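Each chain is listed here by its residues.
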Amino acid sequence: MTSQENRRITDLGTLKALSHPLRMRLYRALFVARTATASQLAEQVDEAVSLVSYHLRKLAEHGMIEEAETRSTDGRERWWQPSSYGFTIREEDIRDAPELVAASDALGRTLDEQRAALHRRFLDERLTWSDAWRSAVISAEWLPRLTPAELAALGEELDAVLRKHDGKARAAEAAGDTEGRENVAVHLHGFPYRG
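Caption draft 1: Representation of the overall build of the protein. From N to C terminus, the protein includes eight helices and five strands. Counting helices and strands in the order they occur from the N terminus, the protein gives β-α-α-β-α-α-β-β-β-α-α-α-α. For a compact globule of 195 residues, the expected C-alpha radius of gyration is about 16 Å, and the protein comes in at 18 Å, within 12% of that figure. The principal-axis extent of the C-alpha atoms belonging to the protein is close to 60 × 50 × 30 Å. A total of 195 residues make up the protein; the buried ones form 24% of that total. Within the protein, contacts between residues at least 6 apart in sequence are counted, and of these 66% link residues at least 24 apart.

Caption draft 2: Focus on unusual backbone geometry. The backbone phi angle of R34 is positive, close to 75°, even though this residue is not glycine. For R34, the position within the fold is in the loop between α2 (21–33) and β2 (36–37). Of the residues examined, R34 reaches a relative accessible area of 32% and is grouped as partly exposed. Backbone geometry at D46 places phi at a positive 55°, although glycine is not the residue there. Inspection of the secondary structure puts D46 in the loop between α3 (38–45) and α4 (49–61). In this structure D46 comes out as exposed when scored by relative accessible area, which is 67%.

Caption draft 3: Broad picture of the pairing of strand β4 (residues 79–82). What you see with β4 is no split at all: W79 and Q81 on one side and W80 and P82 on the other are buried throughout. Two elements, strand β3 (residues 65–67) and β4, share three bridges in a ladder whose sense is antiparallel. Bridge pairing in β4 places E66 opposite Q81.

Caption draft 4: Geometry of the sheet that holds β3. Read from one edge to the other, the open sheet built from three strands follows the order β2-β4-β3, with strand pairing classed as antiparallel. Unpaired on one side and paired on the other, β2 and β3 mark the two borders of the sheet. Note that β2 and β4 share two bridges and pair antiparallel. Within β4, the position partnered with T37 by the bridge is W79. This element, α2, spans β2, β3 and β4 of the sheet and lies at about 95° to β4.

Caption draft 5: Structural detail: the environment of H20. For H20, the location among the structural elements is in the loop between α1 (12–19) and α2. Once the C-alpha coordinates of H20 and V137 are considered, the two residues, 117 residues apart in sequence, prove to be 29 Å apart.

Caption draft 6: Highlighting the packing of α2 against α4. Closest axis-to-axis distance for the α2/α4 pair is 10 Å, and the angle between their directions is 80°. Considered as vectors, α2 and α4 are oriented roughly perpendicular to each other. Taken together, the residues of α4 that come into contact with α2 (itself represented by L22, R23, L26 and Y27) are L51, V52, Y54, H55, L56, K58 and L59. Here the contact of α2 with α4 is composed, by residue class, of eight nonpolar, one polar and two charged.

Caption draft 7: Main features of the environment of R57. If you trace the backbone, R57 turns up in helix α4. Considering only alpha carbons, one finds R57 and G190, 133 residues apart in sequence, at a separation of 33 Å.

Caption draft 8: Representation of α1 in the model. Three or more residues of α1 are buried, namely T14, L15, A17, L18 and S19. The inward-facing, buried residues of α1 contact β1 (3–8), α2, α4, β5 (84–88) and α6 (98–125). The backbone nitrogen of G13 has a side-chain oxygen 3.5 Å away, supplied by the residue at the start of α1, namely D11.

About the thresholds
- Residue numbers run consecutively from 1 along every chain, following the written order of its sequence.
- In keeping with the model being predicted, local features are shown solely for residues with a pLDDT of at least 70 and side-chain atom pairs are shown and tallied solely at 80 or more, while totals for entire chains, interfaces and linings include all residues.
- Side-chain numbers here rest on the full set of heavy atoms in the structure, without hydrogens or water.
- Numbering goes from the N terminus for both helices and strands, where a helix is a DSSP run of H or I of at least four residues and a strand is a run of E of at least two.
- Here the globule rule reads 2.2 Å times residues to the power 0.38, and the radius of gyration is calculated from C-alpha atoms.
- To sort residues, take the accessible area from a 1.4 Å probe on protein chains only and compare it with the maximum for the residue type: under 20% means buried, over 50% means exposed, and anything in between is partly exposed.
- Here, residues are in contact when the closest pair of their heavy atoms is within 4.5 Å.
- Between any two strands, pairing holds if DSSP finds at least two bridges.
- Interaxial angle, 0 to 180 degrees, is taken between N-to-C directions of lines fitted to C-alpha atoms, where a helix line uses only the stretch in contact.
- Roughly parallel refers to an angle under 35 degrees, roughly antiparallel to one over 145, roughly perpendicular to one between 65 and 115, and oblique to any angle outside these ranges.
- Residues were grouped as follows: Ala, Val, Leu, Ile, Met, Phe, Trp, Tyr, Cys and Pro as nonpolar; Asp, Glu, Lys and Arg as charged; and all remaining residues, including Gly, as polar.
- Contacts described as polar in this section are N or O atom pairs within 3.5 Å, which, within protein, must combine one atom able to donate a hydrogen with one able to accept it, while residues neighboring in sequence count only if both atoms come from side chains.

Listed below in structure tokens is the structure:
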């Protein structure tokens, strides 16, 4: 069963595994689907099933995904699910190892590229969404002056708010309330910069 906690990543192998762009796309697609087969995911990412199966096995080797209960009647298909709610990389776990810092940076760049591509796709398709969805979209930038402790506290509060809303949505969906629900991406970055 999927853990409701974030997995804390501290090893080089897992960081490298997630840095692969296709693996990250598969992980994200599986997170959204909650459970899926390699065939289903291959359709979503437009890749061969054999290639997708290989990358899913690599994610499983690093504990990012796990086998899920089979949902087909013939039992020949292998079903997958994320092994945790998400993952976390903490600076204190990597800062003393240059190879971990480099792998974490590579993963960060992969995530940033994929998030930007997802947002660009929305912008390109914006007019295909209803007025209600276009009015609900959040696009904002805040530029507060904070201390490291204040930024950390802000991150914890935002995480709690997002988890609360996601939990309510998952419970409603499990109860059959699926009308009008769509996948929503919320990307937040909080980092220091100099003018």
